[in-house]
Amino acid sequence: FFHFVREAAPTFGDRAPVEDAGLYFSTSSQLAAMTPQGVLDFTRQTHAFSFWGWGTALTWMHVPWRAVPEWKLTAATLAGLRLLIIPSAEVFAAEEVPSLEAWVRAGGTLVIAGTCGSRLGESGNFERINEAHSPLAALIGNDPAATVSALGKGRVLRFNDDPGLPFYLAADQRPTMLDGFRQTLATAMAADPPWSLSAPDVPWHVGLTPHWDATTERFFVDVNATRIDLTNDTLEPTPPVSFNILLPEALRGKRLRVHALTPDDALEIGSQILDDGQLRLTVPPVNVYASVIVEATPEPQ
């Protein structure tokens, strides 16, 4: 495998992950739950568990996402995202609201799940505050019962019950709970362009990770098997899968070459250009890992 990595490195080049969604992470919310003897309730760490639950669900639904720490909630960070999820972040600093509001008004979609912004920050000793005085109140709107509210060109979805926490705590039942997250995302992104990666029919246990190298204009989707039998120390190959990618502007209208790099046997990748700027890829079973590469190729003379 290391030999494969050395051989593939020049092709991978300066590729960077493609991320449509952001998941807000608040260390202040974790700190607010600390006592002199440790976490207030170690078995139910609301923000951290919800963060991990949402992160797992997004990964299993093949939604490209990244963590957005509270100290990086800036206009530059939000600029490349279409969706931001704030999962049960009791602490939300008022100074973070202007850049967040500007991003939503410009067309971003914000999901506020669970109790958010109900405490002051560290400088306020994490004091509880009335919901009407929460820094997020201006984004939520005047109707506390509203699930979706428009804000400029964007929208805000408010869920009193945060699905991330029960999803994390459910363990073995998680795959059966994914439909609820899919409905949430369908509501959030209604009428928007396709995701960078659309894979509703790919099983949750198949890993899909998109990357883009702007220098070489190559789009990658890493496909990896994740279902491990710990008793027998074996890895189950992926089934054949099909999914769509949203072609970057640099690749649209060009003759494309689609191939795969893998430490396994060579793979024959199927492809079909769709009318809405998407490319449908079909990948045969992968034993461990394969990187599907889409790039432009010169037109024949």
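Please refer to the structure higher up on the page.
What you see is a predicted model, and the numbers here were worked out from it, not measured in a lab.

## Here we look at the packing of aromatic side chains
Alright, step 1. Tallying each qualifying case throughout the model produces 15 aromatic pairs.
Alright, step 2. Taken together, a centroid distance of 6.0 Å and an interplanar angle of 75° make the contact between W60 and F167 edge-to-face. With W60 in helix α3 (residues 46-60) and F167 in helix α7 (residues 164-170), this pair connects stretches of sequence that are 107 residues apart. The pair formed by W60 and F167 is uniform in burial state, with each residue classed as buried.
Alright, step 3. When the centroid spacing of 6.5 Å and the interplanar angle of 45° are considered together, the rings of W212 and F219 count as tilted. Here W212 matches F219 in class, with each residue buried.
Alright, step 4. Lying across the ring of F220, R15 places its NZ or CZ 5.1 Å from the centre.

## With respect to the side chain of S198
Alright, step 1. Tracing the backbone through its elements, the reader meets S198 in strand β10 (residues 197-198).
Alright, step 2. Looking at S198, the relative accessible area reads 17%, which means it is buried.
Alright, step 3. What S198 contacts, discounting residues up to four positions off in sequence, is F243, N244 and Q278.

## Considering the nonpolar core
Alright, step 1. In this structure, L208, F219, F243, I245, I269, L281 and V294 are the most contacted members of the largest nonpolar core, which totals 26 residues.
Alright, step 2. Of all the elements in the fold, those that place two or more residues in this core are β11 (206-213), β12 (218-225), β15 (241-246), β16 (256-261), β18 (278-283) and β19 (289-296).
Alright, step 3. The residues contacting L208, other than those within four sequence positions of it, are H62, L197, A199, V202, V221, D222, V223 and F243.
Alright, step 4. L23, W54, F159 and M189 belong to the second-largest nonpolar core, a separate cluster that totals 23 residues.

## With respect to the sheet that holds strand β9 (residues 154-159)
Two pairing modes exist for strands in a sheet, parallel and antiparallel, and in both the strands are linked by backbone hydrogen bonds.
Alright, step 1. Pairing in this open sheet of six strands is mixed, and the strands run β5-β2-β6-β7-β9-β8 from one edge to the other. Strands with a single pairing partner mark the edges of an open sheet, and in this sheet they are β5 (65-69) and β8 (148-151). Neighbour to neighbour, the strand axes of the sheet diverge by 20° on average, direction disregarded.
Alright, step 2. Note that strand β2 (residues 21-25) and β5 share five bridges and pair parallel.

## Re the sheet that holds strand β17 (residues 270-273)
Alright, step 1. Spatially, the four strands line up as an open sheet ordered β10-β15-β18-β17, and their pairing is antiparallel. With one partner strand each, in any of the chains shown, β10 and β17 form the two edges of the open sheet.
Alright, step 2. Pairing between β15 and β18: six bridges, direction antiparallel. The residue of β18 that forms the bridge with F243 is L281.

## Re the environment of A102
Alright, step 1. Along the chain, A102 turns up in helix α5 (residues 97-105).
Alright, step 2. Linking A102 and T238, residues 136 residues apart in sequence, is a C-alpha distance of 42 Å.

## Some remarks on unusual backbone geometry
Alright, step 1. The backbone of S88 sits at a positive phi, close to 50°, despite the residue not being glycine.
Alright, step 2. Mapped onto the fold, S88 is located in the loop between β6 (83-87) and α5.

## Quick notes on helix α1 (residues 2-12)
For an α-helix, 3.6 residues make a turn, and residues three or four places apart therefore share a direction.
Alright, step 1. Burial in α1 covers these residues: F4, A8 and F12. Angular distribution of buried residues about the axis of α1 spans 65°; they occupy a single face of the element. Residues of α1 that are exposed and point over 90 degrees away from its buried face: F2, H3, R6, E7 and P10.
Alright, step 2. Packed against the buried residues of α1 are β11, β12, β16 and β19.

## Description of the packing of α3 against helix α8 (residues 178-188)
Alright, step 1. At a closest axis distance of 10 Å, the pairing of α3 and α8 adopts a crossing angle of 85°. By the angle between their directions, the pair α3 and α8 is classed as roughly perpendicular. Residues W54, A57, L58 and W60 of α3 pack against L178, F181, T184 and L185 of α8.

## Structural notes on the pattern of salt bridges
Alright, step 1. What the rule picks out here adds up to 10 salt bridges.
Alright, step 2. A salt bridge links E236 to R227, with the nearest nitrogen and oxygen atoms 4.0 Å apart.
Alright, step 3. Its relative accessible area of 38% is what places E236 among the partly exposed residues.
Alright, step 4. On the basis of relative accessible area, R227 is assigned to the partly exposed category, the value being 34%.
Alright, step 5. Through salt bridges that share partners, E90, R119 and R128 make up one connected network.

The rules we used
Residues numbered from 1 in each chain as written. Predicted model: local features only at pLDDT ≥ 70, side-chain atom pairs only at ≥ 80, totals over all residues. Heavy atoms only, no water. Phe/Tyr/Trp six-rings, centres within 6.5 Å; stacked < 30°, edge-to-face > 60°. Helix = DSSP H or I, 4+ residues; strand = E, 2+ residues; numbered from the N terminus. Buried < 20%, exposed > 50% of the residue type's maximum accessible area, 1.4 Å probe, protein only. Lys NZ or Arg CZ within 6 Å of the ring centre and 35° of its normal. Contact = heavy atoms within 4.5 Å. Core = buried A, V, L, I, M, F, W, Y, C linked by side-chain atoms within 4.5 Å. Pairing = 2+ DSSP bridges. Axes fitted to C-alpha atoms, helices over the stretch in contact; angles between N-to-C directions. Arc of directions from axis to C-beta. Parallel < 35°, antiparallel > 145°, perpendicular 65-115°, else oblique. Salt bridge = Lys/Arg side-chain N within 4 Å of Asp/Glu carboxyl O.

Keep in mind that these numbers describe shape and distance, not what the molecule does.
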